[in-house]
Amino acid sequence: MSAHASLTGQSFGDLTVVGECRDLRGRLKWKCRCRCGGSSEVYGNNLRSGGTTSCGCHRAVHPPGLSKTRVFTIWSGMMARCSNLDDPNYGGRGIAVCKRWQTFASFYRWAMCSGYQEHLTIDRVNNDQGYRPGNCRWATPHEQARNTRRTVFVQHEGQRISLTDAAAALGLSYGWLQKRMKNEGMSFEEAVANVRAYRKPPPHLNFLGTRRGAP
């Protein structure tokens, strides 16, 4: 049994001690889990004195002026929408921000590691679920516009994509497919087969698919 007093289970700032470890010289250190989701190994005296209170995320995300960046604006807007119970599209229907992203430090770390770029916006893969790492991605405005609660999704070649994209991939009319699925109760596969069966060749082609008058 170790002669020192165990720090396991104790919290120091954003760090919670989860176990022991040793440095290259065999000196005792403590494995810590940070509130942001990161981890670090810290000497006991640095924890007790308050010299180390995070895995380093605070230094990484709090340089002067960061609160004026676009990433901070996205985070603060997300938090405001989800905390507003009068907003029928977010807080009012139970869309929440996960515990990990309650601090900007943690959200910033995720953003920088998951492909954030200045022209992208945060998008929820499943619009009925909240903001969390497994349900969010960075998307272009065009991609986000095609991922709303009103978007019709179908399975095409093993992937869940919008009906608009599926129609474009198949070279079929979105309007025809949407009408048969919505008004006639057809499945996506049935609608595709139906549209293909009744689709007529362009008027300048004959039944062989060649231009009229061509040899």
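Preceding this paragraph is the structure being described.
Every value quoted in this text rests on a predicted model; they were computed, and no experiment measured them. (Residues numbered from 1 in each chain as written. Predicted model: local features only at pLDDT ≥ 70, side-chain atom pairs only at ≥ 80, totals over all residues. Heavy atoms only, no water.)

Q: Could you clarify how one ought to interpret the state of the cysteines in this entry?
A: In a disulfide, the sulfur atoms of two cysteines are held together by a covalent bond. This model, assessed by the stated rule, comprises zero disulfides. Not engaged in a disulfide, the cysteine C82 finds its nearest cysteine sulfur in C136; these two sulfurs lie 9.1 Å apart. Given a relative accessible area of 12%, C82 falls into the buried group. (Disulfide = S-S within 2.5 Å. Buried < 20%, exposed > 50% of the residue type's maximum accessible area, 1.4 Å probe, protein only.)

Q: Looking at this structure, how should I read the packing of aromatic side chains?
A: The geometry of an aromatic ring pair comes down to the distance between the two centres and the angle between the two planes. All told, the structure shown has ten aromatic pairs when counted by the stated rule. Ring plane angle 85° and centroid distance 5.1 Å describe the contact between W101 and F107, whose orientation is recorded as edge-to-face. F107 shares its class with W101; the two are buried. By the ring-pair criterion, three or more aromatic residues cluster together here, those being W101, F107, W110, Y116 and W138. Geometry around Y43 places K29 over its ring, the cationic atom sitting 4.7 Å from the centre. R81 extends its terminal NZ or CZ atom over the ring of Y90, reaching a point 5.0 Å from the ring centre. (Phe/Tyr/Trp six-rings, centres within 6.5 Å; stacked < 30°, edge-to-face > 60°. Lys NZ or Arg CZ within 6 Å of the ring centre and 35° of its normal.)

Q: How should the side chain of K29 be read in this particular structure?
A: The topology assignment puts K29 in strand β3 (residues 28-34). In contact with K29, not counting residues within four places along its chain, are G19, E20, C21, D23, E41, V42 and Y43. (Helix = DSSP H or I, 4+ residues; strand = E, 2+ residues; numbered from the N terminus. Contact = heavy atoms within 4.5 Å.)

Q: Got a minute to help me understand helix α4 (residues 104-113) in this structure?
A: Spacing of three or four residues puts side chains on the same side of an α-helix, whose turn is 3.6 residues. When you tally the buried positions in α4, you get seven out of ten residues, the bulk of the element. Among the residues of α4, F104, A105, S106, F107, Y108, W110 and A111 are the ones counted as buried. Looking at the residues trailing α4, positive phi occurs at G115, about 95°.

Q: I'm lost on the packing of helix α3 (residues 70-83) against α4 in this one. Help?
A: Think of two packed helices as two axes; the pair is described by the angle between the axes and how far apart they sit. Two elements in contact, α3 and α4, have axes separated by 10 Å at closest approach and are oriented at 120°. Here α3 lies oblique to α4, going by the angle between them. The two elements α3 and α4 cross, and the hand of that crossing is right-handed. Mapping the contact onto sequence places V71, F72, I74, W75 and M78 in α3 and F104, F107, Y108, A111 and M112 in α4. Within the contact of α3 with α4, the residues separate by chemical class into ten nonpolar, no polar and no charged. (Axes fitted to C-alpha atoms, helices over the stretch in contact; angles between N-to-C directions. Parallel < 35°, antiparallel > 145°, perpendicular 65-115°, else oblique. Left-handed = near helix turned anticlockwise from the far one by under 90°. Nonpolar A, V, L, I, M, F, W, Y, C, P; charged D, E, K, R; others polar.)

All we've got here are geometric facts, nothing functional implied.
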